[in-house]
Structure formats: structure tokens, C-alpha cells
Amino acid sequence: MTPPRGASRRGAGVVTTDFEYDAPKHGSKKADRAVLLAHGAGADMHAANLVAFAAALAAAGIPVLRFNFAYKSAGRSSPPKAETLQTELRDARAELARR
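What this report covers is the structure whose coordinates are included nearby.

Focus on the overall build of the protein
Logical step 1: A count of helical and extended segments in the protein gives three helices and four strands.
Logical step 2: The helix and strand sequence of the protein, counted from the amino end, reads β-β-β-α-β-α-α.
Logical step 3: Looking at the protein as a whole, 30% of its 99 residues qualify as buried.
Logical step 4: Counting contacts in the protein only where the partners sit at least 6 residues apart, residues at least 24 apart contribute 63% of the total.
Logical step 5: Working note: accessible area of the protein is about 6200 Å², and carbon and sulfur atoms make up 54% of it.

This is the structure in C-alpha cells:
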């Protein structure tokens, strides 16, 4: 199953956060929990360990939302201030809750 992809945009400055949702197989009972996976400063949401972990959780019936912080999506290697990352993390958490 190909996970849905998307991007979240907000504000006049347009902050973009890429995400991929790894869902349990069709027909699985509704999960009572979900996992939000964020990358570290040296990788992005496509890091092999995050992809494998998300696939294993989805196979166990737990939905997962992986996402890139906006600085990674913009091609930058250095993260911004913690406040910016926290805002993007809250936005990703809200995206996961919508699913």
C-alpha cells in the first residue's frame, strides 16, 4: 500500500511541512493510538530506520505519521529555533489527529 503524502501550508510566509501517513491494512479495527515520527537534524522522514519503524507499526495496526520539518523540505541542513520546531510539531500532531 502506498502511503498518502501531503503538505501543510500556513501563514503568509508559507511554511511547508511534508508528511507521509502509514496506515494499518484495510479492514483492521480502528486503532486506539497513533505514533508521530519526527526526524533528527541529520536525516529526514525518508531515513531507513524511520521508514522501517513506521512500516512495522502499521503492520501491527498502529497508524503512523512521519513528517519533515519545514527546513528539511526547503533543503536547508540547519534547524531553526526550537520555538519554530515546536510549532511545526504541534501542526503535525494536529494533522495526525485529523486522520
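Things to note about the pairing of strand β3 (residues 35–38)
Logical step 1: For β3 and strand β4 (residues 64–67), the ladder comprises four bridges, and the chain directions are parallel. Residue Leu 37 lies in a different strand from β4, and its bridge partner there is Arg 66.
Logical step 2: The handedness of the β3 to β4 crossover, carried by helix α1 (residues 48–59), is right-handed.

So, the packing of aromatic side chains
Aromatic ring pairs are reported here in terms of the distance separating the ring centres and the angle at which the planes meet.
Logical step 1: This model, assessed by the stated rule, comprises two aromatic pairs.
Logical step 2: Look at Phe 69 and Tyr 71: their rings are 6.4 Å apart centre to centre, the planes differ by 20°, and that puts the pair in the stacked class.
Logical step 3: With relative accessibility at 3%, the residue Tyr 71 sits in the buried group.
Logical step 4: Lying across the ring of Tyr 21, Arg 99 places its NZ or CZ 4.8 Å from the centre.

Structural notes on the environment of Asp 22
Logical step 1: Residue position: Asp 22 is located in strand β2 (residues 15–22).
Logical step 2: Of the residues examined, Asp 22 reaches a relative accessible area of 12% and is grouped as buried.
Logical step 3: With 41 residues separating them along the chain, Asp 22 and Pro 63 place their C-alpha atoms 5.8 Å apart.

Thresholds, definitions, all that
Residues numbered from 1 in each chain as written. Predicted model: local features only at pLDDT ≥ 70, side-chain atom pairs only at ≥ 80, totals over all residues. Heavy atoms only, no water. Helix = DSSP H or I, 4+ residues; strand = E, 2+ residues; numbered from the N terminus. Buried < 20%, exposed > 50% of the residue type's maximum accessible area, 1.4 Å probe, protein only. Contact = heavy atoms within 4.5 Å. Areas by Shrake-Rupley, 256 points an atom, 1.4 Å probe, with all protein chains shown as cover. Pairing = 2+ DSSP bridges. Right-handed = clockwise from strand over helix to strand, strands pointing away. Phe/Tyr/Trp six-rings, centres within 6.5 Å; stacked < 30°, edge-to-face > 60°. Lys NZ or Arg CZ within 6 Å of the ring centre and 35° of its normal.

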